[in-house]
Amino acid sequence: MPSDTSNPKPKIKLAIYWGAACGGCCVSVLDTHEKLLDIVANADLVFWPIAMDIKYKDVEAMPDQSIDLTLFNGAVRNSENKHMAEVLRKKSKIMVAYGACAYMGGIPGLANLYSKDLIFKRAYEESESTMNPDKVRPVVQFEVKEGTLSIPEFFNDVYTLNQIVDIDYFIPGCPPQSERLIEVFTAIVTGIGLPPKGSVVGALEKTNCDGCLRKKTDNKLIKRFYRPWEIQDDKETCFLEQGVICMGPATRGGCGVRCVVGNSPCRGCYGPPPGSPDPGAKMMSAIGTMIDANKPEEIDEIIETIVDPAGLFYRFSLPGSILGRKLL
Amino acid sequence: MSYRPTIVAFLCNWCAYTGADLAGTSRLRYAPNIRIIRVMCSGRIEPTFILKAFQQGADGVLICGCHPGDCHYQEGNYKCLRRFKLIQKYVDQMGIEKDRLQLEWISASEGRQFAELVNNMTKTLLILGPSKIKSSLEVEHLKQ
């Protein structure tokens, strides 16, 4: 990517926004280090709440389709997230769901195991640090003598970005690898190598196991599963062969297998590989063949060591999965 | 309209489907709530199939394969059993009652047992009531 400022090509207009997110995705943009200067050389940042003071009304006043590229990170949790997703969709030529939360729901998506009511009850009544004898809960609108105060409405469900607005591309990861962002950004600036709309970009077609350097054999029969803290990892054998559940077989590569290199099993933030709509189902299918027992009682015993299938297999993908939420 | 449960059943080609066929050719009467999908082996049934069936409104999902030791492909039914146990734990966590997902072994000669199984499962589902997936998904449709 040329960093020459005399480049006559007009700069593209770039917006970065966060919905229900931790801020890690925005930091991953900064993690491009000196390459950030290349981005700034080729793009004018028109909106980026973490770094710039631009108000929502300024964005709303922009002409439609005037932003070339929007990186939207975070899931849609409340009416403010939804409103901004819709505004940015209208103002942007290309809208990218950036990171696991926007792509599949991410960690905030685990709230779909509960309902709005259960969450409010826990947060405003039951939690150990809460003193709320009158059981006051947030309300969307509140009348005071100066006028009406309002806050965004908290939805019952967490949504992926694609469930709210049309998305052009998806970049997975929690957060996405900064190197991948540079590649995708270059492709969008130059227009070269852009896949069809709706593609997952900045990731590989193969699973994480493909790039994993740990020793693997065909012997993947397990008598008992361990949570990572229950076992001393030998730092070289495949995690699954040691009995630690690693999401590698059901996860797209592209992150550089960083967790496993750091001696931690894959947690699946890059989402399912092409062709499998539901990462947890894929993983349960794989685990099913690994359980080393044929008698129902023995199988039950082994499955008991998988304590929380929903939270483990769908850690980053519950709202985007087939069932989407706990049925209440 | 009164509630009539829908059961999506995945039957293996060699034992269970033949057993269901026998129930038919023997002119046994059983509950008409079942929708049968034939697969070559119960080991072919991916968790995705089961979840998709529930997502699209099935009140129950029934899996039938050959008896242990009788699998046409040696051990497909054991793989099915292990996956079934795991996915049953998952769907239970997701608020789908365990009894909505059942696994039974049906041999090619067990037409009568198949008919009874369908009747019993239909009864169980009548007691459980309709699946909550419809009401759960109808709550909010936000996309414009």
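Residues numbered from 1 in each chain as written. Chains lettered and ligands numbered in written order. Predicted model: local features only at pLDDT ≥ 70, side-chain atom pairs only at ≥ 80, totals over all residues.

Scanning chain B for helices and strands turns up 5 helices and 4 strands. On C-alpha atoms alone, chain B measures out to a radius of gyration of 16 Å, which is about the 15 Å that the 2.2 N^0.38 rule sets for 144 residues. Along the three orthogonal principal directions, the C-alpha set of chain B runs to about 50 × 30 × 25 Å. Counting only residues that meet the buried cut, chain B has 49% of its 144 residues in that class. Within chain B, counting contacts between residues at least 6 apart in sequence, those at least 24 apart form 82% of the total. (Helix = DSSP H or I, 4+ residues; strand = E, 2+ residues; numbered from the N terminus. Rg over C-alpha atoms; globule rule 2.2 N^0.38 Å. Buried ≥ 20, exposed ≤ 12 C-beta atoms within 10 Å, placed from the backbone. Contact = placed C-beta atoms within 7 Å.)

Moving on, we get to the confidence of the model for chain B. Atom-level detail of predicted coordinates should not be read off regions where pLDDT is low. Taken over all residues, the pLDDT of chain B has a mean of 92, while the share at 70 or more is 94%. Both scores are given for the predicted complex: the pTM is 0.91, the ipTM 0.89. (pLDDT = per-residue confidence, 0-100.)

Here we come to the packing of helix α12 (residues 296–304) of chain A against helix α3 (residues 76–93) of chain B. For the pair α12(A) and α3(B), interaxial distance at closest approach is 10 Å and the crossing angle is 45 degrees. Classed by the angle they form, the pair α12(A) and α3(B) counts as oblique. In terms of crossing hand, the pair formed by α12(A) and α3(B) is right-handed. Taking contact as the criterion, the partners of P296(A), I299(A), D300(A) and I303(A) in α12(A) are, on α3(B), L81(B), R82(B), K85(B), L86(B) and K89(B). Counted by class, the contact of α12(A) with α3(B) contains 5 nonpolar, no polar and 4 charged residues. (Axes fitted to C-alpha atoms, helices over the stretch in contact; angles between N-to-C directions. Parallel < 35°, antiparallel > 145°, perpendicular 65-115°, else oblique. Left-handed = near helix turned anticlockwise from the far one by under 90°. Nonpolar A, V, L, I, M, F, W, Y, C, P; charged D, E, K, R; others polar.)

Residues and elements named next belong to chain B. Overall, parallel pairing links the 4 strands, which are arranged β2-β1-β3-β4 in an open sheet. Edge strands, defined here as strands with exactly one partner in the open sheet, are β2 (34–39) and β4 (101–105). Within the sheet, the average angular offset between the axes of one strand and its neighbour, ignoring direction, is 20 degrees. Of the pairings in the sheet, the one linking strand β1 (residues 7–12) to strand β3 (residues 60–65) comprises 5 bridges and is parallel in character. Looking at the pairing, I7 lines up with G60 of β3. Sheet contacts for helix α2 (residues 47–55): β1, β3 and β4; angle to β3, the most-contacted strand, approximately 150 degrees. (Pairing = 2+ DSSP bridges.)

Further remarks concern the environment of R100(B). With respect to the helices and strands, the residue R100(B) is situated in the loop between α3 and β4. Spatially, the C-alpha atom of R100(B) lies 8.8 Å from that of I7(B), the residues being 93 residues apart in sequence.

Looking at the secondary structure, you find E146(A) in the loop between β6 (141–144) and β7 (147–150). Placed 101 residues apart in sequence, E146(A) and M247(A) show a C-alpha to C-alpha distance of 54 Å.

What follows deals with helix α7 (residues 178–190) of chain A. Residue and element names in this part refer to chain A. Spanning 13 residues, α7 covers 18 Å between terminal C-alpha atoms, matching the ideal 18 Å at 1.5 Å per step. Taken together, the buried positions of α7 are R180, L181, V184, F185, I188 and V189. An end-on view of α7 places all buried positions within 165 degrees of arc, on one side of the element. On the buried face of α7, the contacting elements are β1 (12–18), α1 (24–30), α2 (35–42), β3 (67–73), β5 (92–98) and β9 (169–171). Just downstream of α7 lies G191, where phi reads positive at about 75 degrees. (Expected span 1.5 Å × (residues − 1). Arc of directions from axis to C-beta.)

It is worth spelling out α3(B) at this point. Residue and element names in this part refer to chain B. Relative to the 26 Å expected for 18 residues at 1.5 Å per residue, α3 spans 26 Å between its end C-alpha atoms, a close match to the ideal helical length. Burial analysis of α3 places 14 of its 18 residues in the buried class, which makes it a mostly covered element. Once α3 ends, the next one or two residues include G95, with phi positive near 85 degrees.

As a further point, take unusual backbone geometry. Residues and elements named next belong to chain A. A cis amide bond, omega -10 degrees, links C174 with the succeeding residue P175. Despite not being glycine, H33 shows a phi value in the positive range, around 55 degrees. With respect to the secondary-structure elements, H33 resides in the loop between α1 and α2. Even without glycine at this site, V257 takes up a positive phi of about 50 degrees. Among the secondary structure elements, V257 is positioned in the loop between α9 (239–242) and α10 (258–261). Overall, V257 belongs to the partly exposed group, with 19 C-beta atoms counted inside 10 Å.

Taken together, the contacts link 29 residues of chain B with 29 residues of chain A. Elements represented by at least two residues in the side of chain B that touches chain A include exactly α2, α3 and α5 (133–138) of chain B. For the side of chain B that touches chain A, the leading source of residues is α3(B), giving 11 residues. By residue class, the composition of the side of chain B that touches chain A is 14 nonpolar, 5 polar and 10 charged.

Once that is clear, we can look at the domain arrangement of chain A. Residue and element names in this part refer to chain A. According to the domain assignment, chain A consists of domain 1 (12–108 + 157–200), domain 2 (112–155) and domain 3 (208–313). A separation of 29 Å is found between the C-alpha centroids of domain 1 and domain 2. Counting from both sides, the interface comprises 6 residues of domain 1 and, opposite them, 5 residues of domain 2. At the level of elements, β4 (76–78), α4 (79–91) and β8 (154–159) are the ones that each hand at least two residues to the side of domain 1 that touches domain 2. (Domains from an automatic or database assignment.)

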